[in-house]
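# Reading the structure
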Amino acid sequence: MSQPRQPCQVGILILHRHKSARLECTMDGIARTHLGKHEILWKKIMTRLRMPFQKKHVVKSVVKVSTGAWFKEMLCRVWSLSVVGVVVLSVSNIFLTFKMISPRVDSLTCHEGMPDLSSDLESMKKINLSSYLAFLRDSNVITDSLHRIPCHDQLPHDKKDHQTHRIAFSVDDAFGRWDNRRQYKIHDSVYSGQHYSVLAKQSHVTLATQSSVDRLFWLAQVARHWVGPISIAVFTPDLEYGIAKTYFQFLASCFPYVGDKITVHFAYPKEKPPLHLHIDTSDILKMCDQPVTVLKKLLEHRPRNMMSWRETLPYPQNLLRNVARKNCHPEWVFLVDVDIVPPPGMFEKLDAFLRTHAAKSCEKCAFVIPTYEIDEKAPLPTNASEILQLVSTSRARPFHEKVFIHNQYSTNFSQWQKNVQEWLRKDRESQLPVFISHNVKFEFFYEPFYVSKDSCPAHDERFVGYGFTRNTQAYEMLVAGWKFRVLAPLFSIHWGMQTKKGRPRWRETQNNNNRKLFEGFKREITVKYKSDPLGLMKPKNKPSIKSKKGPR
């Protein structure tokens, strides 16, 4: 008959079968270094067995375990557990490392995606920019996976400093260059993003645009979907120079996908030289979710005496367009206004098309990108099917259709929509992602947004302010022998349906002044190219601005 086990022996047997305690109780020297822990374990065991607990039980059990065959068996088990533990820890460390270096989806921390801008709605209403509400609502439609610019956590230390600290502007009023009439001082490439040079060398096309300081907030959405290089010329008279510098610092810090791929140029009238804005920028750099509010606060620094002349100061759009164009590295330029927004994937498709024989074989071709006005409450259209759906429900229409129908009439949107519908029906996207829809039948006052080689005629800088700015350049292209061809299924958008009611009276005054200048311009163009394709020099064929046309 076997003898009953002693309490200590029973404890050893139970501890041997206790998986959670096996490793702790069989390591050499564990009784001396972790006695307190074993007291807790043993106390639980002895309590269940209703046996008295003493510290000597722990010491005696370890001594017994340290001798004999059973110790060897336990040592083997410990070795197996140690190997498994090392493997598990290694895999865990690798997983955690990848997780730490992978892009984060938190746009405010990562700054790669567009932050949630819903808090800015009230600010937008107060400054009467209702068309921007759609941007605030739909800014997160596209995921961050579309962007090639890395987040802060993925940048080396020196590049992080570039993103989060003050960006450098190289502007000195003693330098720069004058325009042809010595009315404006121009500073080229006062700032270039860290990826601009690489993108410009790799791309076939650059988006060129121009803006006044109070409309710079649009740049965040233009750059949101255009992943290629951007050249922007900004009008910076007086204190608006300092405001522009500060706001670009904000954009580069909070929206790296803007700051990293742009090159910036400043221009100002000689009688309004640049002034610096001396403010602490630490607070505004914490407002990455409120880009419009930040700009509004910066514009409030303009003194009252400045505002007395600023609103009616003629805006040199054509000068700025030329500055933005001539600072593009690639041969092809997509010239737009700052509030014309390219949809997702447009750069990739356009860049690929410009490498094809259809583009290269035409030396004097301007490829028109149809532009639609979008209802501010409509979702962001990301492809041709969605823009056609918005058109069918009257939530999208040709740009300027109600304001000035001649502006885009020659594009022939009806023909474009018909050809795109046929293209969709035949499911030809994989074989023909971009194609020429049709040729333009040019009519005067036509001012399309197009992509062309930079060898096309420059914009005439005598036209300052509003009226006869883009259409005179398009007319000169026609007289010089350029052809306009409409691309499909590419398109661009302008948020908000425009109406004539929103236009101030001083814009009509500027338009009338430029109309008088046009009389001399058309005579010069006719003599220069020895051509008058529209018969503008014949009074009987002169088009009437008041003629009524239906949409097409």
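Up top is the structure.
The paragraphs below set out a description of the structure included in this document. What you see is a predicted model, and the numbers here were worked out from it, not measured in a lab. The residue count restarts for each chain, going from 1 along the sequence in the order it is written. Where local features are concerned, this predicted model is filtered to residues with pLDDT of at least 70; where side-chain atom pairs are given and counted, the filter is 80 or more; whole-chain, interface and lining totals use all residues. To get the side-chain values, take all heavy atoms of the structure and skip hydrogens and water.

## Overview of the sheet that holds strand β3 (residues 205-212)
Two pairing modes exist for strands in a sheet, parallel and antiparallel, and in both the strands are linked by backbone hydrogen bonds. For two strands to pair, DSSP has to find at least two bridges joining them. For helices the rule is a DSSP run of H or I covering at least 4 residues; for strands it is a run of E covering at least 2, with both sets numbered from the N terminus onward. Here we have ten strands laid out as an open sheet, ordered β1-β2-β5-β4-β3-β6-β11-β7-β12-β10, and mixed in their pairing. The sheet terminates laterally at β1 (177-178) and β10 (435-439), the two strands that pair on one side only. Here strand β6 (residues 332-335) runs beside strand β11 (residues 450-453); their pairing, made up of four bridges, is antiparallel. Following the sheet pairing, Phe334 is matched in β11 by Val451. The contact definition used throughout considers only heavy atoms, calling two residues in contact when any of these lie within 4.5 Å. The convention used is that axes are lines fitted to C-alpha atoms, helices contributing only their stretch in contact, and that angles between N-to-C directions extend from 0 to 180 degrees. Packing of helix α21 (residues 413-425) onto the sheet brings it into contact with β10 and β12 (483-488), and relative to β10 it is tilted by some 145°.

## Observations regarding the pattern of salt bridges
Note on definitions: salt bridges are taken to be side-chain nitrogens of Lys or Arg within 4 Å of carboxyl oxygens of Asp or Glu. If you walk through the whole model with that rule in mind, you get 19 salt bridges. Across the pair Glu240 and Arg310 runs a salt bridge whose closest N-O atoms are separated by 2.8 Å. Pair noted here: Glu240 is in helix α13 (residues 240-254) and Arg310 is in helix α16 (residues 304-310), with a separation of 70 residues, a long-range link. Arg310 matches Glu240 in its accessibility class, with the two residues each being buried. Here Arg321 and Asp337 are joined by a salt bridge, their closest N and O atoms 3.1 Å apart. On the criterion of sequence distance, the pair formed by Arg321 in helix α17 (residues 317-326) and Asp337 in the loop between β6 and α18 (346-353) is long-range, its members being 16 residues apart. For the pair Arg321 and Asp337, a shared accessibility class is recorded, and that class is buried. Accessible area is worked out with a 1.4 Å probe on protein chains only. A residue is then buried under 20% of its type maximum, exposed over 50%, and partly exposed in between.

## Notes on the state of the cysteines
Defined by distance alone, a disulfide is two cysteine sulfur atoms within 2.5 Å. Under the definition given, this model contains two disulfides. Each sulfur in the disulfide pair Cys254 and Cys288 lies 1.9 Å from the other. Of note, the bridge from Cys254 to Cys288 carries an S-S torsion of about -65° and is left-handed in sense. A residue pair is termed long-range when its members are at least 10 positions apart, and Cys254 in helix α13 and Cys288 in the loop between β5 (262-269) and α15 (291-299) qualify at 34 residues. Considered together, Cys254 and Cys288 belong to a single accessibility category, that of buried residues. For Cys362, the disulfide goes to Cys365, at an S-S distance of 1.8 Å. Note on the Cys362 and Cys365 pair: the S-S dihedral is about 75°, so by sign convention the disulfide is right-handed. Here Cys362 and Cys365 have matching classes, each one buried.

## A short note on the packing of aromatic side chains
For Phe, Tyr and Trp, rings pair up if their centres lie within 6.5 Å, where Trp contributes its six-membered ring, and each pair is then called stacked (planes under 30 degrees apart), edge-to-face (over 60) or tilted (otherwise). The full count for this structure, using the stated rule, is 29 aromatic pairs. Judged by centre distance (5.9 Å) and plane angle (50°), the rings of Phe399 and Phe449 are tilted. Separated by 50 residues along the polypeptide, Phe399 in the loop between β9 (396-398) and α21 and Phe449 in the loop between β10 and β11 bring together distant segments of the chain. When sorted by exposure, Phe399 lands in the same class as Phe449, which is buried. Their ring planes at 85° and their centres at 5.7 Å tell us that Phe404 and Phe445 sit as a pair that is edge-to-face. Residue Phe404 is found in the loop between β9 and α21, and its partner Phe445 is found in the loop between β10 and β11; the two are separated by 41 residues along the sequence. Phe404 gets classed as partly exposed once you look at its relative accessible area, which sits at 25%. Of the aromatic side chains, those joined through ring pairs into one cluster are Phe404, Phe444, Phe445, Phe463, Phe468, Tyr475, Phe518 and Phe521. Here, over-ring charges are defined by two tests on the NZ atom of lysine or the CZ atom of arginine: distance to the ring centre within 6 Å, and angle to the ring normal within 35 degrees. Across the ring face of Tyr466, the terminal group of Arg507 is positioned such that the distance to the ring centre comes to 3.7 Å.

## Digging into the pairing of strand β13 (residues 492-495)
Residues Ser492 and His494 of β13 are buried on one face, and the alternating residues Ile493 and Trp495, pointing to the opposite face, are buried as well. Two elements, strand β8 (residues 371-374) and β13, share four bridges in a ladder whose sense is parallel. For Tyr372, the partnering residue across the bridge sits in β13 and is Ile493.

## Points about the packing of helix α22 (residues 470-479) against helix α23 (residues 505-529)
As a packed pair, α22 and α23 sit with axes 10 Å apart at the nearest point and diverge in direction by 20°. It follows that α22 is roughly parallel to α23 by the angle criterion. For the pair α22 and α23, the crossing hand works out as right-handed. Residue-level contacts link Thr472, Tyr475, Glu476 and Val479 of α22 to Phe518, Phe521, Ile525, Thr526, Lys528 and Tyr529 of α23. Under the scheme applied, nonpolar residues are Ala, Val, Leu, Ile, Met, Phe, Trp, Tyr, Cys and Pro; charged residues are Asp, Glu, Lys and Arg; polar residues are all the others, including Gly. Of the residues in the contact of α22 with α23, the class split is six nonpolar, two polar and two charged. Our angle categories are set so that under 35 degrees counts as roughly parallel, over 145 as roughly antiparallel, 65 to 115 as roughly perpendicular, and the remainder as oblique. Crossings are assigned a handedness: left-handed for a near helix turned anticlockwise from the far helix by less than a right angle, right-handed for a clockwise turn.

## Side note on the sheet that holds β8
Spatially, three strands are ordered β9-β8-β13 in an open sheet, and the strand pairing comes out mixed. Of all strands in the sheet, those bounded by a partner on one side alone are β9 and β13. Direction aside, the axes of adjacent strands within the sheet are offset by 35° on average. Set on the sheet, helix α20 (residues 384-392) makes contact with β8 and β9; between it and β8 the angle comes to about 55°.

## Describing the pairing of β12
Examined bridge by bridge, strand β7 (residues 365-368) and β12 share four bridges and lie parallel to one another. Looking at the pairing, Cys365 lines up with Lys483 of β12. Direction of pairing for β10 relative to β12: antiparallel, over a ladder of four bridges. Paired with Asn439 across the bridge in β12 is Arg485.

## Some remarks on unusual backbone geometry
Peptide bonds are trans in most cases, and residues, glycine excluded, mostly fall at negative phi. Along the chain, Ala488 connects to Pro489 via a cis peptide bond; the corresponding omega equals 0°. Here Pro489 is to be found in the loop between β12 and β13. Residue Arg182 is not a glycine yet carries a positive backbone phi of 55°. Structurally, Arg182 is set in the loop between β1 and β2 (184-192). At Asp238, a residue that is not glycine, the phi angle is positive and equals roughly 55°. Within the secondary structure, Asp238 is located in the loop between β4 (230-235) and α13.

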